[in-house]
Amino acid sequence: MTDWARTWHLLPYFLSVLWSGTIMTVIVTVGGFVASILLGVLFAALRTGSSRLLNALAHAYVEIFRAVPVLTQLFIIYFGLGAIGIRLSPIPAAVIGFGLNGGAYLTEVFRAGIDAVNKGQTEAALSIGMTKLMALGYIVLPQAIRIVLPSIANFAIGLLKDTSLASAVAAPELSFNAHMLVDETFLSTQIYLLVAGFYLAMSLPLSAVVRMLERRARRSQRA
Amino acid sequence: MRIEGLHKRYGPLHVLKGIDLDVTAGEKVSIIGPSGSGKTTLLRCVNYIERPTEGHIYVNGHLVGQKQGDRGFADIDGGALARQRAEIGMVFQRFNLFPHLTVSQNVEIGPVKVLKISRAEARDRSRELLNKVGLASKRDAYPEMLSGGQQQRVAIARALAMEPKLMLFDEATSALDPELVGEVLNVMAQLAADGMTMIIVTHEMQFAEDVSDRVIFMDQGQVVEQGPPSHVFHTPHHARTQAFLSAVLRKRQPR
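Residues numbered from 1 in each chain as written. Chains lettered and ligands numbered in written order. Predicted model: local features only at pLDDT ≥ 70, side-chain atom pairs only at ≥ 80, totals over all residues. Heavy atoms only, no water.

Undergrad: Just to check I follow, could you spell out the overall build of chain A for this structure?
TA: Looking only at helices and strands, chain A features eight helices and zero strands. Across its three principal directions, the C-alpha atoms of chain A cover 75 × 50 × 25 Å. When each of the 223 residues of chain A is scored for burial, the buried share is 42%. The long-range fraction of contacts in chain A, counting pairs at least 24 apart against all pairs at least 6 apart in sequence, stands at 77%. By element, 68% of the accessible surface of chain A is carried by carbon and sulfur atoms, the whole surface being about 11500 Å². (Helix = DSSP H or I, 4+ residues; strand = E, 2+ residues; numbered from the N terminus. Buried < 20%, exposed > 50% of the residue type's maximum accessible area, 1.4 Å probe, protein only. Contact = heavy atoms within 4.5 Å. Areas by Shrake-Rupley, 256 points an atom, 1.4 Å probe, with all protein chains shown as cover.)

Structure below.
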């Protein structure tokens, strides 16, 4: 039997294993994305706020997590924390790792967005009695998010692909399950082609969203 | 409102050099003067958007932005400052409407989020104010769809929605096309007739003369001359006032 015939024969099995990996990939991506957004907004607010101490703290966070490869961060969170008694399962470890790493990246994205909103907006908000926090939440952030939406969507596509690194800490996501199938059957070409198809099926709709957001951003810039 | 010994420095730049000013309730005061004279900075210090380097500001007898403790004056916290600012309306040269909100949301967001009144009550208030500035039909429009004059009238309604005791106008018509200036000045004149206390930084000399109780001429960070409009515009004592007025009026001659 040729490799392609074996693949055809084993296809239902491959698809079911890769499908369960895909679900984990989606979980890690969505979890990491939500954590990145929350951390990014929080630290961007600190970066643009008036407290020097908190600003320095946020700056340190960004520099550290941007300077260390995400794979190293995943190892530290999974194995390093395990050594001091904090034992995390692979999936939560991956979500935390991608969240912290993406949060550092998005801090800078949100900060650029906040800086791009005209200073007069904050002044107008303060002049009607808003506190700085209210001005940020009700007036500046909604405008900043519109500005950086395309960058955030691009980040999401990058994150989706980067989650394959979670296989290194044995998170049973798409790439990890693919390695296992390859170890089992040695049909590496066929299996990785299937894996590429799964990633494509997830990325392409996201790309379409990015294109739409970029078109909208250009339109609102003209207005 | 009272300003005592106000100084503002930006590094070596001394923008305000000791301003003292009293404005009584219901009074309309216009501030005129060449650009760079510190008019706008003075106005921005009144609601503490710009923090004075020295001096004190009182609105309704309350010290703005500061409190007097055992060891002199200290800044008050952000929440308390926000409550003080809520009582002082400000209209900006560049309107600064919130572009992501509709006209009615621009007017209602302050009352709802800051004064915490109900949405229904805020809607009544915005309806009434937009009627007053002649923009009832633009309730659901976004600012970018409005002309400059319309935007500025919305900005006035937004400030009025907080029911301020004092209104500050920072060159409210300077960014407008000439044919749109009138509609904004009309709204401001209406507000003056209603008895609002107003401090108006302006280049519209005719308007200042018609509406104000008092005109202040500022130059190089100081109040050079002040008095009733007839006095400042027609019989100015100070050479710098005369020079400024003749320069401004000469520019208008061709008409």
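Having put the structure on the table, let's press on.
Undergrad: Is there a simple way to explain unusual backbone geometry in this structure?
TA: Leaving glycine aside, a negative phi is the common case for residues, and trans is the common case for peptide bonds. Here F186 of chain A, not a glycine, exhibits a phi torsion of approximately 60°, which is positive. Considering the arrangement of structural elements, one finds F186 of chain A in the loop between α7 (174-185) and α8 (188-222). On the basis of relative accessible area, F186 of chain A is assigned to the exposed category, the value being 67%. Look at Q220 of chain B: it is not a glycine, yet its phi comes out positive at around 50°.

Undergrad: In this structure, what is going on with the nonpolar core? I would like to understand it.
TA: In globular proteins that are soluble, nonpolar side chains generally tend to be buried together. All names here are of chain B. Formed by 42 residues in total, the largest nonpolar core has its most connected members in M1 and I3. With residues up to four places along the chain from it excluded, the contact list for M1 reads L21, D22, V23, V46, Y58, V59, L166 and I199. Grouped together as the second largest cluster of nonpolar side chains are 35 residues, F169, A192, I200 and V211 included. (Core = buried A, V, L, I, M, F, W, Y, C linked by side-chain atoms within 4.5 Å.)

Undergrad: What should I look at first to understand the sheet that holds strand β12 (residues 222-227) of chain B in this one?
TA: Two pairing modes exist for strands in a sheet, parallel and antiparallel, and in both the strands are linked by backbone hydrogen bonds. All names here are of chain B. The six strands are arranged β8-β9-β10-β3-β11-β12 in an open sheet whose pairing can be described as mixed. The strands lining the two open edges of the sheet, one partner per strand, are β8 (88-91) and β12. The sheet shows a mean angle of 20° between the axes of neighbouring strands, taken without regard to direction. For strand β9 (residues 166-170) and strand β10 (residues 197-201), the ladder comprises five bridges, and the chain directions are parallel. Bridge pairing in β10 links M167 to M198. Packed on one face of the sheet, helix α1 (residues 39-46) meets β3 (28-32), β8, β9, β10 and β11 (214-219) and runs near 150° to β9. Its contacts with the sheet place helix α5 (residues 148-160) against β8 and β9, and it is angled at close to 170° to β8. (Pairing = 2+ DSSP bridges. Axes fitted to C-alpha atoms, helices over the stretch in contact; angles between N-to-C directions.)

Undergrad: In this structure, what is going on with the packing of helix α3 (residues 70-83) of chain A against helix α4 (residues 90-116) of chain A? I would like to understand it.
TA: Two measures define how a pair of helices packs: the angle their axes make with one another and the distance between the axes. Residue and element names in this part refer to chain A. One can describe the packing of α3 onto α4 by two numbers: an axis separation of 9 Å at closest approach and a directional angle of 135°. The angle between the axes of α3 and α4 places the two elements in the oblique class. Once α3 is placed against α4, the crossing between them reads as right-handed. Two secondary-structure elements touch here, α3 through V70, Q73, L74, I77 and Y78 and α4 through P90, A93, A94, I96, G97, F98, L100 and N101. (Parallel < 35°, antiparallel > 145°, perpendicular 65-115°, else oblique. Left-handed = near helix turned anticlockwise from the far one by under 90°.)

Undergrad: Looking at this structure, how should I read the interface of chain B and chain A?
TA: Contact residues are listed per partner, giving 24 residues for chain B and 18 residues for chain A. Roughly 1700 Å² is buried in total at the junction of chain B and chain A, and carbon and sulfur atoms are behind 66% of that figure. Sorting the residues of chain B by area buried against chain A places F98, H100 and K113 of chain B first, and these three jointly supply 31% of that buried surface. Linking chain B with chain A are one salt bridge. Across the pair R44 of chain B and E123 of chain A runs a salt bridge, and its minimum N-O distance is 2.8 Å. The interface formed by chain B and chain A holds four residue pairs in polar contact (both at pLDDT 80 or more) in total. If you list the elements that add at least two residues to the side of chain B that touches chain A, you get α2 (78-85), β8 and α3 (103-113) of chain B. The element contributing the most residues to the side of chain B that touches chain A is α2 of chain B, with four residues. (Buried area = accessible area lost by both parts, 1.4 Å probe. Salt bridge = Lys/Arg side-chain N within 4 Å of Asp/Glu carboxyl O. Polar contact = N/O pair within 3.5 Å; in protein donor to acceptor, adjacent residues only side chain to side chain.)

Undergrad: Whenever I open this one, the environment of D219 of chain B confuses me. Can you help?
TA: All names here are of chain B. Mapped onto the secondary structure, D219 falls in strand β11. Expressed as a C-alpha distance, the spacing of D219 and G69, which sit 150 residues apart in the sequence, is 34 Å. Contacts of D219, omitting those with residues within four sequence positions, involve P34, S37, V224 and R240. A distance of 3.3 Å separates polar atoms of two side chains, one belonging to D219 and the other to R240.

On their own, these measurements won't tell you what the molecule is for.
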